Structures are given as structure tokens and as C-alpha cells.
Amino acid sequence: MSWLPVALLAVPLAGAVLLAVPVGSAARGPTARERWFPRYGLAVSGITLALSAVLAAAFDHDDPARMQFVTNLPWIPGLGLRFHLGVDGVSLPLVLLTALLTFLCFAYLCRGRPAGSGRVPAPGRSATPSPGGPSTPSPGDPPGAASGRPSEPADGGRPRALAFTLLVLEVGMIGTFLALDLLLFFVFFEVVLIPMYFVIAIWGGHRRRAAATKFILYTLLGSVVLLLGLLFIWAQTGTLDMTALARAHGTGMSRAAQILAFLAVGAGLAVKTPMWPLHTWLPDAHTEAPTVGSVLLAGVLLKMGTYGFARIAVPMLPGGATVLAPWLGAFAVIGIIYGSLACLAQRDLKRMIAYSSIGHMGFVLLGFAALTPAGFNGALFGNIAHGLITALLFFVVGSIKERYGTAEIPSLGGGMLTRLPRLGSVLTFAAVASLGLPGLAGFWGEVLSLLGAFRPAAGLPRSLYLVFMALGGLGTVLTAAYFLSMLSRVTHGRPVETVHAPVLAAVGPADTGGTGNAESGEGTADVGSTGRGRGHGRRGMRDVAPHELVAWVPLMALILLLGLWPKALLDVTGPVARSLLGAP
Amino acid sequence: MTTAAVLAILLPFAAAAAGLLGSRFPKGLRGGAADAAANRRAAWIAIVPTAVSTLLTIWLAYSIRAGQAAGGGDWLSRFTGSAGTARVATASVAVDTGSAPISVGLLVDGLAATIAVLVTVVALAVQVYSVGYLRDDRRYPSYSAFISLFTSAMLLVVYAADLLVLYVGWEVMGLCSYLLIGHWWEDRANSRAAIKAFLVTRIGDVGFLFGVFVLGTAAGGFRIADVLAKLPELPPGTILAAALLLLAGVAGKSAQVPLHTWLPDAMAGPTPISALIHAATMVAAGIFVVARLYPVFLASGPALDVLAVMAALGMLGAALAALAQDDLKRVLAYSTISQLAYMAGALAAGSRDAAVFHLITHGAFKALLFLCAGAVIHAVGSNLMSAMGGLRRGLPVTFAAMTIGFAALAGLPPASGFFSKDEVLAAVERSLSAGHLAAPVALLLYGCALATVAVTGAYATRAWLRTFFGERALSGLPGTAASEPAPSIAPESASEPAPSIAPESASEPAPSIAPESASEPAPSAAVHEAPPVMRWPIIILAVPALLLGLPGALHIHWGTAVLSVALALLGAGAVHAVWRADPRRDPARLLGPLRGLCERAFSVDELYRAVLVRPTLLLAYVVARADGRVVDGAVRGSGRTVTGLAGLVRRAQNGNAQLYVTGLLAGVLLLAVGAVMLR
């Protein structure tokens, strides 16, 4: 047994549990408390990140295909359930990504100057408690009074509950990537849903309730199908051990059983990924989720679906995969084209990025559908790259929304490179990375997926895959088209005075689109104009702030690193891809 | 030597990073003096590494030449460096992809070394020139950094030993062109032109990538040397597919029909960028890649036929379009398409060396022409030739340099363009009798090439006369406005240099205060030469533009040469005659009814907009609507159905005890009846 994977789960869990103990907070003033909880979360997730770094350093990179740091304890002996954790080349990058993104989310929440120091207040997210709110004790944390508050902390109040939720979320996410027991995997897979539901439902935008409900019901429905599939595999093979099942490559299951199991498992995972046409929960969830929610949703949660394909569906059910892979590829390619086209017509930045995720995950699924090591590598690479790039995009768009009070492209008025040159530059960087420019991380995933489709595994219809590849190539052009036209509309042009923006930012969500009242408008304008210092834009909006820089620089550095030196990741995933596919 | 090659690429790359991040470091101030200081620092950051890189590439080229001096080959292949086998290869690192491996490494042979010199020299000239051209531009630091990145990417394309590594540089160039063409993004038209450049080239690039896939997977690796070595074993169908797919990328990058439409619009960028894109980077990449992978194309005859047809249509069409443009930069842009088509024609005709020779001389004289055009625009404050005229008195240096450039463009001796065009025409002529091309295709290519010589002479003369001779139209446009709508993309007069000239610079010697010269056109005597930092790159580039062809002086194909010079003079003479009849009026009226069509470049843009862009946008709209109504509608509908069903079921749970008891009794009755009946 190895302590590292256990520690990776125990640290954030212990951190969350400690938050639930109502100590000490009564003594501090509200401002101090607001600042304290994100920092506490930062510390806990920092320890987790350090642990994952130790994991990566201690990982035997010469043999990434072998399951390392294995912990295998009996959990529920009656059912044959085991607490079985481990890391190999597929899960290691994802664990690192999760720990990093959670850490960066907390860094983003730690604002340098919390109250009234020239910052335009956070966008109107009311902190009105949701009836279904968490049972977390949050004594002395007065809810509500959102619009009247001089400055809203973090993402709209309740910092303790938010820190708790994010830490629980981290436990679930890391657990999903570490689990080596089918039911344990499913448990972690489900654990993630609840905190994410609350993140959307409590800290979300003004249509958050419907989005959260849709998110939880849709993904739960997918999970039910997934659970049926997992139980079916269990019933057929008599084991829940994922390593054993992957090694078996489907022996012990008839071809029909494999097809059925792949159908169930694949459908469950496809909801999560999301695969067209099971994607419609995603745009709503992303549009309404707060920044950190969107980042983790796009950066990690979607990866859990594709991770399932890499870990369960394809290696354990190769017979089913061979039969259904062309369908998977077809849906993936439809998703690529469809997502890109939908992006072209979007008006809301967050919604656009959500649809772009559908396109990018289409490339990941296309890579899996090829059933070759190259395609697999492309899918795994694209997974990580999408996690980094889309997380950055959502961070940036969150900051844009915070400043302008809206993410509607026409309302932004263009000229961001004049008003907020650094924010505009980061947005350009993220968009260019997302459209798959070589030298940045997004490229290799797409290229290897297409390369996989160019020469799919034996037994798959080659000509069909050539069509997939051609359509995927068309998708890259469309991707470039919508990102560039978005950049043109948002960052280029002369800035139009969006006088209403600070007003919008100051009032509650209910008033969005309304005229706003003059008083609060003036008040914010004052706050804006007194803002001084080098980071400030010319018209009272602050350019990239330190806490944002801290959260974004690691992402940008990693995007560049993986883009310039893809070997760093390919050497880890390559051997596993071969062994999972049973290729020589 | 391997270190030199690596450094040559990495230095501009490091300069780009340093220029982007370090120009305002550590204070990050903006405005006024801080901008000037940042610009100064950025200029050093940009120029010094490029200069070192230039020296490195020259040294590399020299030592490779020295290594193969004893080798055979005719003078032309020695000149272009394609003779001999001396090469420098770095140790490559293999990246396992799960399929054919990528090998990260460099391969410098004679051809690559020669092109690299062209790239760095032009890039250096552009960097120096830009210091003057954009002296008061707030965004000069990012601009110069992007030029450095552009240089680095092009050098990567040139030196790459692996097709996918080459592709990385190939695409990064697309990004740099996007960023630089859209440099003055305050104007939406510039932003659109930048997007167009990226998207049109990317369409070609997708084809190119698939071509790389075909070659790489067939050869079991993406190394260029391996691919070429394995070529004889590959089935002809595979080679043909690869060549045709690669051609798509070549057409995109080198602005060949049908993907040429981005290049004229790319004139929206600052003029030095046009020089860079048209002479050394980007458009040169396409021709270079065909030269680099020439065996692949030679082994697939139909691909060469396709290339020949593309070249034939492109060279004549673009030359005709150039004849009708009013915007000086657009004239040069169409001339680039036309000249690149000559190179493509030479490649199709089977002479790689002639193509590379023309690529090099064209790089020199086209860079010269654009830098001169920049000086003219800088002085006049307008891109439009109808606002120019009689400038030879005010701009003697520019006049002399541009005369050399136009002579080279028209192929008049002794300028460099004459010799290289002679080689190209000779190669095309040879392909008539012997070669890979199908006979009708070769004939078409030859006919178009000769016709283009005449048209080139005509449009070069027209631009030369309208810019430097006659009288400057006093009110700018009105004299010709009736028949000449301003080009849609070109900036309105004065809008171009305006961003670069801050109000306080009015007292400085920088002559072109754009708004003034546009609103109240000064007499041509008020036009001044550009500052020295812009003048010197022009003067220095004029030397190779004039002399680079001289190695060919001993090897002239006299028959072809006489014919081509006669044709060029014929075109020039016709324009001159028309112009002399009335210097105020545009000699483009020579074209007669074709003029409007030529000015719109045969309406290809409109066609693409109607056939491709509009339907795509419509489809996007439909998809976005359908996603909300149909796909998500089904989801919401299922939700509503469940809620509705639940409502029905809830009816039964209404809390009315009588109803419950009635139901209970009814159930009991039913059971009893059932029990009796079924027993």
C-alpha cells in the first residue's frame, strides 16, 4: 500500500471537514473572514498540489504503463468491493491537472484588495440562499443583502461554504482518476455531482436554478445508465478490479455482452463528456456557473467522461468498441462541426466557450474512436490541453464579465485591447491556443486525433474514417473562424463607451438589461475613477489584477510548454495507450 | 554548425518573447515618454537578435557552399545551393506519437541555407525600416516582437528536418500574419482582412496537414530525408494524393489560385509587413516546400499539371488585376501573386532551380518595392495612386530605388528579375517539348507566361508613371473619382499612417503629417524623403535587386530573352502611349470593358462570399436555433412530460379521504371479482 494516493484524497477531505467545524470565525470581522477562507482553501489545495507533484516526481517514468502507488484494501467484503487506488500514465496527468486547477481556483478567489479599493464590484450575483443550499454550517455568515453590499467577496458571498464545496469537489475529482475499482470509480464519479450542483445553484448567475437542475438531472440520468453498464460488466466477469479487467481485454465476455456493456457505459460517459446530442446541459451550466465552477466543470469534470472511455469502455470492452467505434466517431465528428457552427452564432462569450468545448471534446472522442495508439494519444493529449486552455478561457471570460458586467459580445463594445490591453492579450492567447495553433498545447491533441482517424485500427472502415478526418479538418477551420471573429468583435475596433457596464456590475442580476439607477451608477463611476496605479485601464476598469495573474500564468506556461515539447506528455501516455489497446 | 542553425531560429524567438514581455518591464507604464522608451528598447530587442541571426545564416550558407564547392552541377544549381550533398543535420529527438514518430531536428542543406539568408536579410531590413515607419506607434513593441516570431517561424520552416515540425512553423506564420495584418485593429476592415488571411491559409493548411499524414504514415516517419528515401517504394496513388493535398497548403500560403484572395486584402497591414510577407516569409514558404519535397511532385505527374494550370491562371489573372488597381500596394500585391505563379510555373515545368532563383530575386526586388511604396505612402499620406504623381522630384532616392524595383519586376535588363524570369521562361519553354507536363497544359502555361510578361511590363509602367511622373492631382481624388471607386479594403487616404503619428511629432523632421496632406494636398515640392532609418534599408536592398541576377549574365537564353524583353517593352510602350495622351487619366482605360472586372479581381471574393461564407453563417444560425429548439427542446420536453405525468399522478394524492376509501373499495371489489372470475 502506498500512502500517496490516500493522502491526495485525505488532505482535501480533512480540509473540508475542518471547515465544517464552527470555530474561531465569530471572533473575526466579516471582511477578515471573507479573506480567510479562500486562503485556507489555497493552503489545503496547495498541499494537495504539492503531494501530486511528489507523486509525479516519484512516478516511475520508465514504465508508465504499470499501475503504480497501488493501494488495495477491502472496503465492503460482502460485495467484494475494494478500496483500490493507483496511478498510471493515463491518470497521472489528470490528477496533476485537477490539483493544479483547484489550486488556481482558490488563488483566483484570493483577492489582493477586497473592499472598495478601486475595484469594480463583482458582477451581480446575488447571494440569496437557495432553499436547497448545503447543510454546511455557516454560522455568522449572513446571506443576502447582495446588491447593497459595498463589495462582494469572491464569487458572491458565503466563502466558507464555497471553500468547503470546492474541497469536496476536489476529493471527488481526484478520486475518480485514482480509483481502480469499478464501483469505487462510480462513487467518486457521483460525489462530484453534488458539490458542482451547489456551485451552480448558489453562486451562479441569475438563471442558475434551472441550469443546476438540468445539470444534476441530466448527469444523474447518465450515471444511472453508466451504473447499469458497470454492474453488467461485474455480472459478466465477476470482478470489479479495473486493472484485471483491462488486462483481460474483454475475455470472458461474449461479443454481444460487450456491445451491450459498451452501449450502456458509453452512453453514461457520453453525457458527461459531453457528446452530441447529449450536450445540452453544458451550455446552460457553463453560462450560469460562477467562474471557478466553469473552470472546474470544463477543466476537470468533462475529463471524467473521456477518462472513462480510456480506462473502462475501450480497454475492457474491445469487442464492443470495435463494433460501436464508427458510431462514436460519427457522433464525435457531428459534435465538432455542430459545436463550431453553434459557436459562430453565439452572442454570449461563456456560452460560446461552452459550445467550443463540445467541438474540442469531439476531437477527443474521435481519437478514441480510431482505436489506435496514435488516436488514443491524441485523445489523452487533447484532454489535458482542453483542460488547460478552456480553464484559462473561462477564467478570462469570468474576469471580463466581472468588469463589464456582461459577457454578451455586442454589449462589450469591442476595443478591449485599447481599454484593457493585458486582459485582451490574454484572451487572444487563450483563443489562439484553443483554435489549435501549433506550438501551443491544443494543436497536438487535434493533430494526433486526426492522424488516428487517418489510419484507424484494423477492422474499422477506413473510408468512413477518412470522411471523419476530412470533416474534423473542416472543423478546425470553423474553430479558427469563430474564435477569430470573436476576437475581432471583442478585442478589436474602437472601444464603444459602454456607460451602462459599471451600472450593471453594481446592481443585482434582476436589473440586468434594465436602466439601473443613477445613484449606484455614479457610485461605481467614482470608485472607478479613483482607481489609480499602473494596472488600471483608462476608463476606470482595472486591467489584469495580481490574483488573476497568479491564476493564469501557470496555465499559460503549461500551454506553451506542452505545445513546444509534446514529448513531455506523450512519453507518459504513449506506453499506456499501447497497453490499454493491447497493441504491441 | 548545428548550434548556429539552432541559434538562428531561437534568437528571433527569444527576441519575440523578450519584446512582448520585456519592453515595458518592470514598470509597465504607458503613454508619452514611457511609450517612447518602450519603443526604443523594443527596437534593440528586435534588431540585434535578427542581425546576429542574419550573420549566422550567412555563415551557414557560406560554409555549406564551401563544403560543396567541388561538386558538379550547372551554375544555376550552384547558385541556388541545390547542387551537392553537403548538409548539416542536428541530432534529432524522436517523439513517439503511437503511429509514425516525429523527429525534432534540423536539416540544413544548400537550398535551405540559401533561402534562410534571404529570409533573415529581408527581415532585418524590415525591422530597421519599421523603426522609422512606426516610430510613434504605441504598439511598436508587440509589432516588432511579432516580426521576430515571424522570422523565427519561417526559419523553422526552412531548416526543419521533419514534416510536422515544418508544419508548426508553417502555421505559426499564419498566426503572425494575422497579428501583423491586423496591427491597426481599430479599423474593423483591417481586423477582417487579418481574419481572412488566417482562415484562407488555414483552409489550405488542413489539406497540407493531411498530405503530411499521407507521406508520413506511408513512409513510417515524418522525417523529410526518410520520406524522400522511401519515395520509390510508395504506390503512385499515395504519392499523387500526398502531392495534391500538399498543393492545397502551397496554394494557401503562396497565394495561388484559388486561395489567393487573402493576399490583396493583407495590404491592410503596415507596409513593412507587406514587404516581409511578400518577399521573405509566408508566400515564399509555399514555393520553398515544393522545392524541398520536389521529388514527391516529380513522381506525380498530374499534380504538376494541376500546379501548372493554377500557375497559368494565377499569373495572367493577377497581372490583369494589378493593371486596374488604384491602390499602389494592391498593385504590388497582385504582382506578387503573378510572380509567385511564375515560380510555381517553373516548378511545374520541372525546373526547381529556376523557381528558387526567381524566388530569391523576387524576394529582393519585391521587398525593395514595398519599402519604397511605404516611403511614398509615408510622404503622400495615401495609398491611392490617383493622389500621387510627380513624386520623382520630391523623392529622388525612392524614385531611383523604385525604378530598379519596377525594372526587375518587369524583367528588363540588367535588373535581377530579368535573369531569373529568363530562366523561368526557358524552363517553361523546355517543358513544351520534353518534360512531365501534358502537352495542352504546357502550351497554356507557356502562352500565359508570355502574355503575363507583356501585362507585367504594362502595370509596372503604369504604377511607375502614375506615382513619379505627371502632376500631382491637387484635390486627390476628384479628377478620377468618377470612374474609380476606392478599393473596399484599402484604408481611406490618410487613415493608414495616422495611428503611427502622434500629434507632438509635427515639429519633427518626419515629414508625413497624414491628415494635413490629405485634406489640403501640398504641392509635390513639400514631399520629403523618408528619415534615414527608412532610407538606408531601401538603398541597401536596391543593390541585390539590381545585381543579384548577374551570375546569370553569361547564361542568357537569347531567344527567350529577346522575346520577353520585346513583350515587356510592348506592354510598357502601350501604357506609356496611353498615358502620354492624357497624363491626368488612368492608363488602365487601356483595358476597356474588362477594367471593372479586373479591378474587382474577377469577383472571386464576391463568389466566395456568396458560395461559402454566407451559407456557413446561415447554417450556423440554423444550428444555434435548432440546438435550442430541437435538441434541447427534446430534453426540456422530456422534463415537461415527466412533470405532466407527475401532475396526473398527483391528482390521485389530493388528501381527500373519501376518494382514497372509494379507491380502496373499488380495488377490493376488483380483486374479488377477479378472484371469482379466474378461479
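Residues numbered from 1 in each chain as written. Chains lettered and ligands numbered in written order. Predicted model: local features only at pLDDT ≥ 70, side-chain atom pairs only at ≥ 80, totals over all residues.

### Thoughts on the overall build of chain B
Let me state the cut-off plainly: Numbered from the N terminus, helices here are DSSP runs of H or I no shorter than four residues, and strands are runs of E no shorter than two. Three exposure classes are used, all based on how many other C-beta atoms lie within 10 Å of a residue's own C-beta (placed from the backbone): buried at 20 or more, exposed at 12 or fewer, and partly exposed between those limits. Two residues form a contact once the distance between their C-beta atoms, set from the backbone, is within 7 Å.
A count of helical and extended segments in chain B gives 26 helices and four strands. Counting every position in chain B, which comprises 679 residues, the buried fraction comes to 59%. Counting contacts in chain B only where the partners sit at least 6 residues apart, residues at least 24 apart contribute 81% of the total.

### Overview of the interface of chain B and chain A
For clarity, the cut-off: Gly is put with the polar residues, along with every residue not named as nonpolar or charged; the nonpolar set is Ala, Val, Leu, Ile, Met, Phe, Trp, Tyr, Cys and Pro, and the charged set is Asp, Glu, Lys and Arg.
Across the boundary between the two partners, chain B contributes 40 residues, which contact 40 residues of chain A. Those elements that place two or more of their residues in the side of chain B that touches chain A are strand 2 (93-95), helix 6 (163-181), helix 7 (188-219) and helix 25 (604-652) of chain B. Looking at which element gives the most residues to the side of chain B that touches chain A, the answer is helix 7 of chain B, with 13 residues. Among the residues forming the side of chain B that touches chain A, the class breakdown is 24 nonpolar, seven polar and nine charged.

### Some words on helix 26 (residues 657-678) of chain B
Heads up, the rule is: Given a helix with a known number of residues, its expected span is that number minus one, times 1.5 Å.
Taking 1.5 Å of rise per residue, the 22 residues of helix 26 of chain B would be expected to cover 32 Å, and the 31 Å separating its terminal C-alpha atoms lies within 8% of that figure. With zero of 22 residues buried, helix 26 of chain B lies mostly on the surface of the structure.

### A look at the UniProt feature "domain: NADH:quinone oxidoreductase/Mrp antiporter transmembrane" (unreviewed entry) in chain B
Selection rule: UniProt positions are given in the numbering used here, feature names are shortened, and annotations may be inferred rather than shown by experiment.
UniProt records the feature "domain: NADH:quinone oxidoreductase/Mrp antiporter transmembrane" (unreviewed entry) at residues 160-428 of chain B, using the numbering of this structure. The distance separating the terminal C-alpha atoms of residues 160-428 of chain B is 30 Å; by composition the span is 77% helix and 0% strand.

### Considering the domain arrangement of chain B
Filter applied, for reference: Those domain boundaries reflect an automatic or database domain assignment.
If you check the domain split of chain B, you get domain 1 (300-473 + 533-592) and domain 2 (609-678). Taking the mean C-alpha position of each, domain 1 of chain B and domain 2 of chain B sit 72 Å from one another.

### Digging into the nonpolar core
Most often, soluble globular proteins have nonpolar side chains that are buried together. Convention followed: Note on definitions: a nonpolar core is a set of buried residues drawn from Ala, Val, Leu, Ile, Met, Phe, Trp, Tyr and Cys, linked by C-beta atoms within 7 Å.
In this structure, Ala116, Tyr159, Leu368 and Leu445 of chain B are the most contacted members of the largest nonpolar core, which totals 449 residues. In this structure, Tyr159 of chain B is in contact with Ala5, Ile9, Leu106, Leu107, Val108, Ala112 and Ala116 of chain B, ignoring residues within four places of it in sequence.

### Observations regarding the confidence of the model for chain B
Residue and element names in this part refer to chain B. The test is simple: pLDDT measures how confident the predictor is about each residue, on a scale from 0 to 100.
Averaged over all residues, the pLDDT of chain B is 84; the fraction at 70 or higher stands at 90%. Considering only residues more than four positions removed or in separate chains, one finds that residues 475-525, a stretch of pLDDT under 50, has 94 contacts. This prediction of the complex comes with two scores: 0.87 for pTM and 0.87 for ipTM.

### Notes on the domain arrangement of chain A
Annotation of chain A at the domain level lists domain 1 (3-114 + 154-497 + 539-581) and domain 2 (500-530). Look at where the C-alpha atoms of domain 1 of chain A and domain 2 of chain A centre, and you get two points 35 Å apart.

### Quick word on the packing of helix 9 (residues 255-272) of chain A against helix 12 (residues 318-344) of chain A
Residue and element names in this part refer to chain A. In plain terms, the rule: Fitted lines through C-alpha atoms give the axes, limited to the stretch in contact for helices. The angle between two N-to-C directions lies from 0 to 180 degrees. Throughout, the term roughly parallel applies to angles under 35 degrees, roughly antiparallel to angles over 145, roughly perpendicular to angles from 65 to 115, and oblique to all others. Handedness of a crossing is defined here by the sense of rotation of the near helix relative to the far one, left-handed for an anticlockwise turn of less than a right angle and right-handed for a clockwise turn.
Contact geometry of helix 9 with helix 12 gives a least axis separation of 7 Å together with a crossing angle of 45 degrees. Between helix 9 and helix 12, the crossing angle belongs to the class labelled oblique. Of the two elements, helix 9 crosses helix 12, and the hand of that crossing is right-handed. For the pair helix 9 and helix 12, contact is made by Arg255, Gln258, Ile259, Ala261, Phe262, Leu263 and Gly266 and by Gly319, Gly320, Ala321, Val323, Leu324 and Leu328, respectively. A class-by-class count of the residues in the contact of helix 9 with helix 12 yields eight nonpolar, four polar and one charged.

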